[in-house]
2 protein chains.
Amino acid sequence: MSFEINQRDVLGRIGVFETKSGKLETPTLFPVVNPLAQEIPPRIMFERLGCKALITNAYLIGRRAGNAGVTDIHDFLDFPGIIATDSGAYQILRYGEVEVSPLEVIQYQESIQTDIGVILDVPTGSRASKTHAAETVRETIKRADQAQKAITRRDIAWVGPIQGGTFPDLVAHSAREMAKRGFDIYALGSPTEVMEQYLFTDLADMIFAAKTNLPSSTPFHLFGAGHPFMLAFAVALGCDLFDSAAYVLYARRDRYLTSAGTLHLAQMEYFPCRCNACAKTSPDEVRSRPIIERTQFLAEHNLSACLQEIETIKEAIVEGRLWELVEVRSRSHPSLLDGFRRIGKHQADMTRGAPSTKPKGIFYFDSTSLQRPEYVMYLDRLVRDYEPPKAAKTALLVPATRQGLEDRVSMHTGLANVDRSTHACLYDPPYGIVPSELEDTFPFRHTEIPREPDPETLKAMAEAVRMYLAKNRYYRSIIVVHSSKDWQTRFARMCGSICRGMGLRFLSYKVRKPSDIRIEILVNQKKHTDKTDKRKLIGRKL
Amino acid sequence: MSFEINQRDVLGRIGVFETKSGKLETPTLFPVVNPLAQEIPPRIMFERLGCKALITNAYLIGRRAGNAGVTDIHDFLDFPGIIATDSGAYQILRYGEVEVSPLEVIQYQESIQTDIGVILDVPTGSRASKTHAAETVRETIKRADQAQKAITRRDIAWVGPIQGGTFPDLVAHSAREMAKRGFDIYALGSPTEVMEQYLFTDLADMIFAAKTNLPSSTPFHLFGAGHPFMLAFAVALGCDLFDSAAYVLYARRDRYLTSAGTLHLAQMEYFPCRCNACAKTSPDEVRSRPIIERTQFLAEHNLSACLQEIETIKEAIVEGRLWELVEVRSRSHPSLLDGFRRIGKHQADMTRGAPSTKPKGIFYFDSTSLQRPEYVMYLDRLVRDYEPPKAAKTALLVPATRQGLEDRVSMHTGLANVDRSTHACLYDPPYGIVPSELEDTFPFRHTEIPREPDPETLKAMAEAVRMYLAKNRYYRSIIVVHSSKDWQTRFARMCGSICRGMGLRFLSYKVRKPSDIRIEILVNQKKHTDKTDKRKLIGRKL
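Parameters and conventions
- Residues numbered from 1 in each chain as written.
- Chains lettered and ligands numbered in written order.
- Predicted model: local features only at pLDDT ≥ 70, side-chain atom pairs only at ≥ 80, totals over all residues.
- Heavy atoms only, no water.
- Pairing = 2+ DSSP bridges.
- Helix = DSSP H or I, 4+ residues; strand = E, 2+ residues; numbered from the N terminus.
- Salt bridge = Lys/Arg side-chain N within 4 Å of Asp/Glu carboxyl O.
- Buried < 20%, exposed > 50% of the residue type's maximum accessible area, 1.4 Å probe, protein only.
- Contact = heavy atoms within 4.5 Å.
- Buried area = accessible area lost by both parts, 1.4 Å probe.
- Polar contact = N/O pair within 3.5 Å; in protein donor to acceptor, adjacent residues only side chain to side chain.
- Phe/Tyr/Trp six-rings, centres within 6.5 Å; stacked < 30°, edge-to-face > 60°.
- Lys NZ or Arg CZ within 6 Å of the ring centre and 35° of its normal.
- Axes fitted to C-alpha atoms, helices over the stretch in contact; angles between N-to-C directions.
- Least-squares fit on C-alpha atoms with pLDDT ≥ 70 in both.
- Right-handed = clockwise from strand over helix to strand, strands pointing away.
- Left-handed = near helix turned anticlockwise from the far one by under 90°.
- Parallel < 35°, antiparallel > 145°, perpendicular 65-115°, else oblique.
- Nonpolar A, V, L, I, M, F, W, Y, C, P; charged D, E, K, R; others polar.
- Expected span 1.5 Å × (residues − 1).
- pLDDT = per-residue confidence, 0-100.

## Section: the pairing of strand β12 (residues 255-258) of chain B
Residue and element names in this part refer to chain B.
Phase 1: Inspection of the sheet shows β12 paired to strand β13 (residues 261-264) by 4 bridges, in the antiparallel sense. Looking at β13, one finds that Arg-255 is bridged to His-264.
Phase 2: The hairpin turn running from β12 into β13, its antiparallel successor, is 2 residues long.

Okay, here's the thing in structure tokens:
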């Protein structure tokens with residue numbers, strides 16, 4: 001089954017997965033459709049909402065309609081797109097054992113012409129003990145082996161579910177074992193409850209545990225995820241496929257989904273949406289409708305909100321702005337910010353898979369953005385791979401100016417005259433030190449920053465200077481030029497204390513504004529002392 | 001002219017402004033309509049886009065069509081809603097002096113039956129020297145006096161423009177002088193360039209300078225603001241009305257507006273929008289259209305995005321979640337985050353106007369949220385107004401549990417047995433100290449927080465403890481109970497150093513989890529020492 005990845009950002013990707021009913025562009029969300037009764041008819045989903053794929057429950061069809069009843073699920077649901085079927089594992093989770101065997105499930109899905117089938121697994125759930133969780137992993141692997149033998153149709157894409165609940169080591173083991181068995185899609189089982197309880201740090205751990213043990217060239221499905229506010233987060237961690245009944249379950253409880261959270265219809269006065277459902281009406285009018293119509297309205301809006309979020313995510317990947325989108329979404333709820341910050345724990349896995357350059361600049365907000373793969377990779381390259389000029393004895397740190405090319409050229413001219421023992425470097429949040437040779441490289445020149453770095457960013461900048469100096473032992477002295485801007489003064493002070501700790505000479509110069517710096521004169525100053533007579537130097541062209 | 005404010009959040013409000021052509025709900029955005037040629041016909045704006053008001057240029061109509069040509073602007077534009085007319089001041093800013101007098105401008109606007117008219121002012125612009133800026137303020141005030149004499153129709157709402165550019169003292173002076181002259185609407189002039197350059201800290205300063213010197217019961221208009229990504233920010237600072245040609249100016253340059261920023265049609269592959277314009281097509285298809293149709297498409301989408309954002313803002317006010325919306329939007333661009341953080345400088349003005357309770361809980365993300373009016377007011381009340389029980393000699397700080405009522409009740413039972421000299425208090429980010437009597441009050445019990453406070457929040461918590469202890473001198477000793485959570489340990493340590501600085505006895509107890517605390521036993525411990533034998537106490541039920 002071919003899966004072609006066309007664009008990447010963070011760990012997210014836009015891909016095309018080939019099924020027997022046509023190409024499926026990912027990331028995508030399969031709405032869960034009850035085979036026996038639907039709030040939105042599948043054809044309306046396809047034609048009006050632009051929904052190209054759905055998922056339904058083979059177990060329910062088999063049980064109610066009987067094996068003889070359905071020969072093609074596409075005809076049965078009147079849906080001309082791609083249809084995935086779930087095995088009934090969710091029913092196990094909810095109601096205990098079901099009455100079908102792993103083999104029957106395969107046979108039945110094959111008989112109804114499903115496009116994407118799921119083997120019968122044993123969901124762990126989020127409240128399982130570790131012993132029970134391990135048991136579900138073992139049992140799912142056993143059933144995977146049975147399923148592999150039972151499968152006769154290779155034109156159907158088969159999904160291998162990963163179990164292990166909230167135990168990352170079990171998830172990792174489960175992923176490794178399923179990967180050996182070669183499925184067309186891998187799916188992380190039972191995160192629904194984790195998401196319902198807003199345990200996004202656990203979710204991040206579970207996704208990383210699974211993804212790092214699976215081939216990255218295979219689509220990865222997150223079972224039961226369908227609230228628009230967390231989709232960008234999940235895509236950024238590498239999830240390609242989602243399925244969810246949230247759009248209709250929430251609708252039945254008069255809930256209105258947005259990419260920033262859930263609203264209660266009962267309290268709403270305005271629809272913050274221009275979709276086909278919302279554009280022509282008001283909350284007041286919808287409240288007055290009979291319950292069935294109200295649920296239909298909300299289901300349509302909710303599904304539309306999910307699909308719109310998928311488009312938003314895809315466009316963000318195209319623009320190289322997926323990280324920025326997750327920054328925004330992580331302010332939808334403190335728990336999602338927790339999950340987003342958890343990325344720090346998985347930095348190595350994160351940067352390994354993420355692209356290192358961008359079509360566009362990056363936005364840096366605060367210390368949360370320190371986890372950005374672009375920044376982590378920059379720092380890594382700087383400390384691990386970069387070699388300063390051999391003659392460099394003095395590192396001259398100058399605040400970067402953003403005032404256009406002219407300034408930078410004049411600064412370069414200055415640098416050309418500089419004694420070879422002086423190595424000109426720049427600093428600008430979040431970058432503590434950027435050798436001038438790297439001045440025009442990504443991501444330094446392409447980072448938009450706030451005027452003031454937050455204290456944690458400033459600390460990270462100083463820490464970068466420390467790591468850089470610890471590795472490059474040529475330097476004997478450090479000069480930090482700073483303006484009267486408070487953060488620059490603090491940065492200079494932090495650099496001073498680092499130098500003292502490392503036995504390096506330290507000098508700081510205060511200037512009114514960065515463009516006052518005349519580097520060729522500055523470095524000709526004879527004496528490098530430990531203390532700066534700031535008053536004397538303020539405002540002078542150095 | 002009546003303006004009724006119905007709902008408030010932060011400094012934003014939902015109001016109804018009465019005009020002679022009907023009621024106008026605020027906040028609202030007037031699209032700027034060229035009287036002589038429109039990308040979207042005004043009737044389409046009204047009927048399809050749900051746009052109830054627009055603004056057009058009286059100067060251009062007067063100049064091109066001649067005074068005799070137009071007797072009712074509503075008929076001329078074929079727009080059944082509310083029409084505001086601008087005086088031509090924008091043309092002064094762009095092209096220098098115009099050929100009409102302040103009196104003619106009033107007369108002409110009256111003759112065409114405008115609903116909202118603007119007097120002829122002298123825009124300062126953002127690049128003016130202070131001398132020139134002061135001159136524009138003086139001249140605008142002079143013209144305001146001339147205008148007041150010329151006005152014959154009081155059924156028209158007249159707008160008094162505030163000038164002064166980026167000089168807050170001049171803006172404040174201008175606002176005070178205009179306020180004396182009693183206009184129906186006040187408008188902050190010429191922030192367009194400030195916004196084009198993303199100088200949102202300057203914009204915040206300008207808005208505060210104007211708003212704090214104007215009657216809050218009058219609508220406040222921000223001239224030339226119309227990018228959806230900054231509207232929530234401006235509303236949160238107290239702006240009610242906006243006008244903008246951005247939707248069409250951006251459209252002509254193939255730009256696509258979203259509430260998170262601007263996209264270039266040329267690079268887009270997906271529309272992150274489900275509005276009437278976007279739902280049925282794709283960027284590829286739109287690119288293939290002739291330029292006029294393409295511009296029309298983009299103008300319609302852009303205007304729709306602005307109007308949707310206004311609805312989003314209004315719903316956020318209804319939900320008491322406007323601050324949260326601005327948190328989200330401020331991650332659209334680092335410069336907007338700068339502007340958002342600038343609120344800290346205007347804390348007193350901010351909290352004076354904001355409601356102190358909420359229909360819903362509040363979300364706390366990181367130190368940026370420390371500026372929330374609800375938090376600032378809480379801290380203010382605690383330090384200024386709260387009196388601890390007179391007998392209190394020991395403050396016992398216990399981490400709050402969020403594990404439901406049962407725990408809290410058992411804790412209370414514990415407290416009931418406590419010696420009266422021990423005063424039980426709670427802590428939970430961002431609240432450094434919450435006397436148990438206030439445990440169930442807003443906002444403490446209604447704050448959703450991340451699992452881990454950021455370092456700046458932790459600092460603010462300790463600072464709150466310091467301020468509280470400095471005011472309430474009854475306490476002789478402080479006991480901080482903490483779990484093994486890293487942030488709690490650090491908080492306890494910070495409290496310890498505060499106590500040492502103030503000469504108070506300090507004791508910390510480490511417990512495995514907060515529910516291990518048995519306070520009645522804890523306070524019966526005889527010795528309060530400065531150092532804790534942590535190992536001995538870990539895991540024991542105290």
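## What about the pattern of salt bridges?
Phase 1: Scanning all chains against the criterion turns up 84 salt bridges over all chains.
Phase 2: Close ionic contact of A:Glu319 with A:Lys360 constitutes a salt bridge, the shortest N to O distance being 2.6 Å. Within this pair, whereas A:Glu319 is found in helix α13 (residues 291-319), its partner A:Lys360 is found in the loop between α16 (347-353) and β14 (362-363), the two being separated by 41 residues in sequence. With respect to class, A:Glu319 is no different from A:Lys360; both count as buried.
Phase 3: Because the salt bridges share partners, they merge into one network encompassing A:Glu327, A:Arg331, A:Arg341, A:Asp366, B:Glu327, B:Arg331, B:Arg341 and B:Asp366.

## Some details on the interface of chain A and chain B
Phase 1: Counting residues at the interface gives 50 residues for chain A, matched by 50 residues for chain B.
Phase 2: With both sides pooled, the region where chain A packs onto chain B buries about 4400 Å², and carbon together with sulfur makes up 52% of that total.
Phase 3: On the surface where chain A and chain B come into contact, there are 6 salt bridges.
Phase 4: B:Asp366 is the salt-bridge partner of A:Arg341, the closest N and O atoms lying 4.0 Å from each other.
Phase 5: At the surface where chain A touches chain B, the tally comes to 18 residue pairs in polar contact (both at pLDDT 80 or more).
Phase 6: Take the side of chain A that touches chain B: its biggest share by element is 9 residues, from α13(A).

## As for the packing of aromatic side chains
Phase 1: Tallied over the full model, the rule gives 36 aromatic pairs over all chains.
Phase 2: Arranged with centres 6.3 Å apart and planes meeting at 80 degrees, the rings of A:Phe183 and A:Tyr186 form a pair that is edge-to-face. Like A:Phe183, the residue A:Tyr186 is buried in the burial classification.
Phase 3: The structure contains a cluster of three or more aromatic residues connected by ring pairs, namely A:Tyr198, A:Phe200, A:Phe229 and A:Phe233.
Phase 4: The ring of B:Phe46 has B:Lys52 sitting right over it, with the charged end atom 4.4 Å from the ring centre.

## Re the sheet that holds strand β2 (residues 12-19) of chain A
Residues and elements named next belong to chain A.
Phase 1: The strand order β1-β2-β3 describes an open sheet built from 3 strands, whose pairing is antiparallel. With one partner strand each, in any of the chains shown, β1 (3-9) and β3 (22-26) form the two edges of the open sheet. In this sheet, adjacent strand axes meet at a mean angle of 15 degrees when their direction is disregarded.
Phase 2: By the bridge criterion, 5 bridges tie β2 to β3 in an arrangement that is antiparallel. Across the sheet, the residue bridging to Val-16 is Glu-25, located in β3.

## Focus: the environment of A:Phe17
Phase 1: You can see A:Phe17 is positioned in strand β2.
Phase 2: For the pair formed by A:Phe17 and A:Met377, sequence separation is 360 residues and the distance between their alpha carbons is 30 Å.

## Digging into the relation of the copies chain A and chain B
Phase 1: Laying chain A over chain B is done by rotating through 180 degrees and shifting 0.0 Å along the axis; what remains is an RMSD of 0.1 Å. On the angle and the small slide along the axis, the relation comes out as a two-fold axis.
Phase 2: In this assembly the copies share their binding face: 100% of the residues contributing to the interface of chain A also contribute to that of chain B.

## Overview of unusual backbone geometry
Phase 1: With an omega of 0 degrees, the peptide bond between A:Phe442 and A:Pro443 qualifies as cis.
Phase 2: Mapped onto the elements, A:Pro443 comes out in the loop between β17 (431-435) and β18 (447-448).
Phase 3: You will see that B:Asp78, though not glycine, has its phi angle at about 55 degrees, which is positive.
Phase 4: Looking at the secondary structure, you find B:Asp78 in the loop between α3 (73-77) and β6 (82-86).
Phase 5: Residue B:Asp78 is classed as partly exposed on the basis of its relative accessible area of 38%.

## A closer look at the pairing of strand β5 (residues 53-57) of chain B
All names here are of chain B.
Phase 1: Where burial is concerned, most of β5 is hidden: 5 out of the 5 residues are buried.
Phase 2: What you see with β5 is no split at all: Ala-53, Ile-55 and Asn-57 on one side and Leu-54 and Thr-56 on the other are buried throughout.
Phase 3: Alignment of strand β4 (residues 28-33) against β5, held across 2 bridges, turns out to be parallel. From the neighbouring strand, Val-32 faces β5, where its bridge partner is Ile-55.
Phase 4: Assessed by its sense of winding, the connection that carries the chain from β4 through helix α1 (residues 42-47) to β5 is right-handed.

## Quick look at the packing of helix α9 (residues 200-211) of chain A against helix α15 (residues 334-341) of chain A
Residues and elements named next belong to chain A.
Phase 1: In the contact formed by α9 and α15, the axes pass within 7 Å of each other and the chain directions differ by 30 degrees. Between α9 and α15 lies a crossing whose hand is right-handed. On the side of α9, the interface is formed by Phe-200, Thr-201 and Ala-204, while α15 contributes Ser-335, Leu-336, Asp-338 and Gly-339.

## A few points about the packing of helix α13 (residues 291-319) of chain B against helix α14 (residues 322-329) of chain B
Residues and elements named next belong to chain B.
Phase 1: Relative to each other, α13 and α14 sit at 135 degrees, their axes nearing to 7 Å. Viewed along their axes, α13 and α14 adopt a mutual orientation that is oblique. Contact residues: Glu-309, Thr-312, Ile-313, Ala-316 and Ile-317 in α13; Leu-322, Leu-325 and Arg-329 in α14.
Phase 2: Here the residues of the contact of α13 with α14 sort into 5 nonpolar, 1 polar and 2 charged.

## Quick word on α13(B)
Phase 1: The end-to-end C-alpha distance of α13(B), which contains 29 residues, comes to 41 Å, matching closely the 42 Å that a straight helix rising 1.5 Å per residue would cover.
Phase 2: Burial analysis of α13(B) places 24 of its 29 residues in the buried class, which makes it a mostly covered element.

## So, the confidence of the model for chain A
Residues and elements named next belong to chain A.
Phase 1: Averaged over all residues, the pLDDT of chain A equals 87, while 88% of them reach at least 70.
Phase 2: Averaged over each element, pLDDT in chain A is lowest for helix α22 (residues 534-537) (35) and highest for β2 (98).
Phase 3: For residues 519-542, every residue scores under 50 in pLDDT, and the model assigns this stretch 47 contacts once sequence neighbours within four places are set aside.
Phase 4: Two summary scores accompany this predicted model of the complex, namely pTM at 0.91 and ipTM at 0.90.

## Side note on the sheet that holds strand β9 (residues 185-188) of chain A
Residues and elements named next belong to chain A.
Phase 1: Taken in spatial order, the 8 strands close into a barrel running β4-β5-β6-β7-β8-β9-β10-β11, and their pairing is parallel. For this sheet, the mean inter-axis angle between neighbouring strands, taken without regard to orientation, is 25 degrees.
Phase 2: The sheet contact formed by strand β10 (residues 220-222) and strand β11 (residues 241-244) spans 2 bridges and is parallel. Bridged to Leu-222 within β11 is Phe-242.

## A word on the side chain of A:Asp9
Residues and elements named next belong to chain A.
Phase 1: The topology assignment puts Asp-9 in strand β1.
Phase 2: In terms of polar contacts, Asp-9 uses its side chain to reach the backbone amide nitrogen of Leu-322, at 2.8 Å.
Phase 3: Excluding residues within four positions of it along the chain, Asp-9 makes contact with Ala-316, Ile-317, Gly-320, Arg-321, Leu-322, Trp-323, Pro-355 and Lys-358.

## Digging into helix α7 (residues 168-180) of chain B
All names here are of chain B.
Phase 1: Over its 13 residues, α7 extends 18 Å from the first C-alpha to the last, a length consistent with the 18 Å expected when each residue adds 1.5 Å.
Phase 2: Taken together, the buried positions of α7 are occupied by Leu-170, Val-171, Ala-172, Ser-174, Ala-175, Glu-177 and Met-178.
Phase 3: On the buried face of α7, the contacting elements are α6 (130-150), β8 (157-162), β9 (185-188) and α9 (200-211).

## Looking at the environment of B:Arg384
Residue and element names in this part refer to chain B.
Phase 1: Position of Arg-384 relative to the elements: it lies in helix α17 (residues 373-384).
Phase 2: What makes Arg-384 exposed here is its relative accessible area of 60%.
Phase 3: Counting along the chain gives 345 residues from Arg-384 to Glu-39, while the straight-line C-alpha distance between them is 57 Å.

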